[in-house]
Amino acid sequence: MRLLTHNMLSSNIKGVANGFPLRIVAEKVIEKPVEMNHDFLKNMFAKLDWKAFVDASRSLGYVELPDEADASMLESSEFLNKFHHALLELHLEEGALVCPETGRKFPVNKGIPNMLLHEDEV
Amino acid sequence: MGGQSFDSGSAINHSRMPSRIAQIRKVCSHPEVYDPCDDSFALVDALLADRSNLLEHEPKICMEIGCGSGYVITSLALMLGKESPGSFYIATDVNPDAVATTQKTLQAHEVDAEVVTCDIASGLEHRLAGMVDVMVVNPPYVPTPEDEVGGDGITAAWAGGIDGRTVIDRILPVADNLLSDKGWLYMVTLTTNNPSQICLKMKEWGYASRIIVQRSTEEESLHIIKFWRDFPSSRSLPRPGSGHLGVKGSLLSQLSRLQFWGSGSGSS
């Protein structure tokens, strides 16, 4: 699971008012290099929750991203490289996503988050 | 299983199109996962038939709901491939075995996509709302008793409840929520699902529709319908000159035919 996907996931348990962002418990993180696409990065930057993204990257052990970012930083290739790496090259392979309200853990195995709910959570 | 009959029906110029879809021998299999069959092939044929429009569309996020073996999402990623490098693919299935199988099929084709185990798009609906430019769905459309819907394992791949509409009717509002203003939805339906009624329902939500591929087998009559936002909705602004869709015909011009098809379904 990439951090772009993490940024799009929320806890969907019945009764949870704000299930975003899910806290990451990382047991295994892997890196897979992919080609950079500037347009895609610029497009996604506008849609990303930056704070959640930075916190998520740090929970995967990547500490190069600034606390705050604005669109002008996309002109910097140094920034773009870091942004690209954290968004698309880091993968949470094993671990869990934790609901910020209830503490319920959604497992991530072999890179696949499992967001299925139990019957009493729907 | 219907074999690899990619050449039937649709108007695809194969001579000019190298193989850009998933290879059956590389599609992974699992006893609890639906193997690619006529419906999957028809959906991929529809995407191929619309490929030049898809490339022009430059989708940022493509999504499949109910990815099964991974045949369709892999094919979509392959056919857009290097000509649409800025696309991100995400696939979901309620069956964990299907999601794992999709991941293996993607890897076997060296294709990159994210996979999530969830019910339709549960967990993604809040943050992914309005961001999906292309959505593909081969829903469980087979009419079954209601209590067979959504079971564990492979049953969830086909059990569709009354008229095969139970899961389709749950997917449509999710699709409406997730699709971007320029979003397109491609969905497999069966005559028994009453596609004309589906199109009318989607029209009320501001979608135009068109049948891309229509195919009859011994067992079933399938049509792949494409939906796109065509009218000002609560979220989208009017877009002058949005006749850029490359599609001929309209819902209305096809409706009489659809109603004819739907006439034998006996649905409410």
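Data block above holds the structure.
This structure is a prediction, so every number in the text was calculated from the model and none was measured.

Chemist: Can you tell me about the overall build of chain B, naming the residues and giving the values?
Modeler: Of the regular secondary structure elements, chain B holds seven helices and seven strands. Start at the N end of chain B and walk to the C end: the helices and strands fall as α-α-β-α-β-α-β-β-α-β-α-β-β-α. When the 268 residues of chain B are sorted by exposure, 57% land in the buried category. Nonlocal contacts in chain B, meaning residues at least 24 apart in sequence, comprise 75% of its contacts between residues at least 6 apart. Carbon and sulfur atoms make up 51% of the accessible area of chain B, which amounts to about 11,100 Å² in all.

Chemist: Give a detailed account of the overall build of chain A, specifying residues and quantitative values.
Modeler: Within chain A, the regular secondary structure consists of four helices and four strands. When its helices and strands are written in sequence order, chain A yields α-β-α-α-α-β-β-β. Counting every position in chain A, which comprises 122 residues, the buried fraction comes to 49%. Residue pairs at least 24 apart in sequence account for 66% of intrachain contacts in chain A once pairs closer than 6 positions are excluded. For chain A, the accessible area works out to roughly 6,000 Å², and carbon and sulfur atoms hold 48% of it.

Chemist: Tell me about the sheet that holds strand S1 (residues 23-31) of chain A, and name the residues and values.
Modeler: Residues and elements named next belong to chain A. Ordered by their spatial adjacency, four strands build an open sheet running S1-S2-S3-S4, and the pairing between neighbours is antiparallel. Sheet topology places S1 and strand S4 (112-113) at the edges, where each strand pairs with a single neighbour. By the bridge criterion, four bridges tie strand S2 (residues 90-98) to strand S3 (residues 105-109) in an arrangement that is antiparallel. Bridge assignment links Ala96 to a residue of S3, and that residue is Pro107.

Chemist: I'd like a rundown of the packing of helix H5 (residues 166-178) of chain B against helix H6 (residues 195-204) of chain B, residues and numbers included.
Modeler: Residue and element names in this part refer to chain B. The geometry of H5 relative to H6 is characterised by a closest axis approach of 11 Å and an angle of 20 degrees between their N-to-C directions. In terms of orientation, H5 lies roughly parallel with respect to H6. Read as a crossing pair, H5 and H6 show a hand that is right-handed. In this structure, H5 contributes Ile168, Asp169 and Leu172 to the contact, and H6 contributes Ile198, Lys201 and Met202. The class makeup of the residues in the contact of H5 with H6 is four nonpolar, no polar and two charged.

Chemist: Would you mind going over the pairing of strand S4 (residues 132-137) of chain B in detail, with residue names and values included?
Modeler: Residue and element names in this part refer to chain B. Where burial is concerned, most of S4 is hidden: six out of the six residues are buried. Relative to S4, strand S1 (residues 61-65) runs parallel, the two being bridged by four bridges. Residue pairing in the sheet places Ile65 in a bridge with Val137 of S4. Alignment of S4 against strand S5 (residues 179-190), held across five bridges, turns out to be parallel. Bridge pairing links Val136 to Tyr186 in S5. For the handedness criterion, the β-α-β arrangement of S4, H5 and S5 is classed as right-handed.

Chemist: Explain the packing of aromatic side chains to me, and be specific about the residues and the numbers.
Modeler: Per the counting criterion, the structure on display carries 10 aromatic pairs over all chains. Consider the rings of Phe53 of chain A and Phe83 of chain A, whose centres lie 5.7 Å apart with planes at 80 degrees: the pair is edge-to-face. Of the two residues, Phe53 of chain A is situated in helix H3 (residues 50-59) and Phe83 of chain A in helix H4 (residues 77-89); the sequence distance between them amounts to 30 residues. Each of the two residues, Phe53 of chain A as well as Phe83 of chain A, counts as buried. Both rings, one in Phe41 of chain B and one in Tyr71 of chain B, keep their centres 5.5 Å apart while their planes meet at 80 degrees; by these two values the pair is edge-to-face. Residue Phe41 of chain B is found in helix H1 (residues 38-49), and its partner Tyr71 of chain B is found in helix H3 (residues 71-80); the two are separated by 30 residues along the sequence. Each member of the pair Phe41 of chain B and Tyr71 of chain B is classed as buried.

Chemist: I'd love a proper account of the pairing of S1 of chain B, names of residues and values included.
Modeler: In summary, the side chains of a regular strand alternate between the two faces of the sheet. All names here are of chain B. Within S1, five of the five residues are buried, which leaves the element mostly enclosed by the surrounding structure. With burial as the criterion, each face of S1 is covered, one bearing Ile61, Met63 and Ile65 and the other bearing Cys62 and Glu64. Note: S1 against strand S2 (residues 88-93), five bridges, orientation parallel. Bridging across to S2, Ile61 finds its partner in Phe88. Once the chain exits S1 it traverses H3 before rejoining the sheet at S2, and the crossover so formed is right-handed.

Chemist: Please set out the pattern of salt bridges residue by residue, giving values where relevant.
Modeler: Following the criterion strictly, the structure yields 13 salt bridges over all chains and no others. A salt bridge links Arg2 of chain A to Glu114 of chain B, with the nearest nitrogen and oxygen atoms 3.0 Å apart. Of this pair, Arg2 of chain A sits in the segment before helix H1 (3-8) while Glu114 of chain B sits in strand S3 (residues 114-117), which puts the two residues in different chains. Of the residues examined, Arg2 of chain A reaches a relative accessible area of 3% and is grouped as buried. Bridged by salt links that share partners, the residues Arg2 of chain A together with Asp112 and Glu114 of chain B form one connected network.

Chemist: Explain the environment of Asn193 of chain B residue by residue, including any values.
Modeler: Residue and element names in this part refer to chain B. Mapped onto the elements, Asn193 comes out in the loop between S5 and H6. Taking the relative accessible area as the measure of exposure, Asn193 reaches 0% and is therefore buried. Linking Asn193 and Thr166, residues 27 residues apart in sequence, is a C-alpha distance of 9.6 Å. Apart from residues lying up to four places away in sequence, Asn193 is in contact with Tyr141, Asp163, Gly164, Arg165, Ile168 and Ile198. Among the polar contacts listed, one links the side chain of Asn193 to the backbone oxygen of Tyr141, at a separation of 3.0 Å.

Chemist: For the side chain of Thr92 of chain B, give the residues involved together with the corresponding values.
Modeler: Residue and element names in this part refer to chain B. Along the chain, Thr92 turns up in strand S2. A distance of 2.7 Å separates the side chain of Thr92 from the backbone oxygen of Ile120, its partner in a polar contact. With residues up to four places along the chain from it excluded, the contact list for Thr92 reads Met63, Glu64, Ile65, Gly66, Cys67, Val116, Cys118, Ile120 and Leu124.

Conventions we followed
Residues numbered from 1 in each chain as written. Chains lettered and ligands numbered in written order. Predicted model: local features only at pLDDT ≥ 70, side-chain atom pairs only at ≥ 80, totals over all residues. Heavy atoms only, no water. Helix = DSSP H or I, 4+ residues; strand = E, 2+ residues; numbered from the N terminus. Buried < 20%, exposed > 50% of the residue type's maximum accessible area, 1.4 Å probe, protein only. Contact = heavy atoms within 4.5 Å. Areas by Shrake-Rupley, 256 points an atom, 1.4 Å probe, with all protein chains shown as cover. Pairing = 2+ DSSP bridges. Axes fitted to C-alpha atoms, helices over the stretch in contact; angles between N-to-C directions. Parallel < 35°, antiparallel > 145°, perpendicular 65-115°, else oblique. Left-handed = near helix turned anticlockwise from the far one by under 90°. Nonpolar A, V, L, I, M, F, W, Y, C, P; charged D, E, K, R; others polar. Right-handed = clockwise from strand over helix to strand, strands pointing away. Phe/Tyr/Trp six-rings, centres within 6.5 Å; stacked < 30°, edge-to-face > 60°. Salt bridge = Lys/Arg side-chain N within 4 Å of Asp/Glu carboxyl O. Polar contact = N/O pair within 3.5 Å; in protein donor to acceptor, adjacent residues only side chain to side chain.

What is shown is where atoms sit, not what they do.
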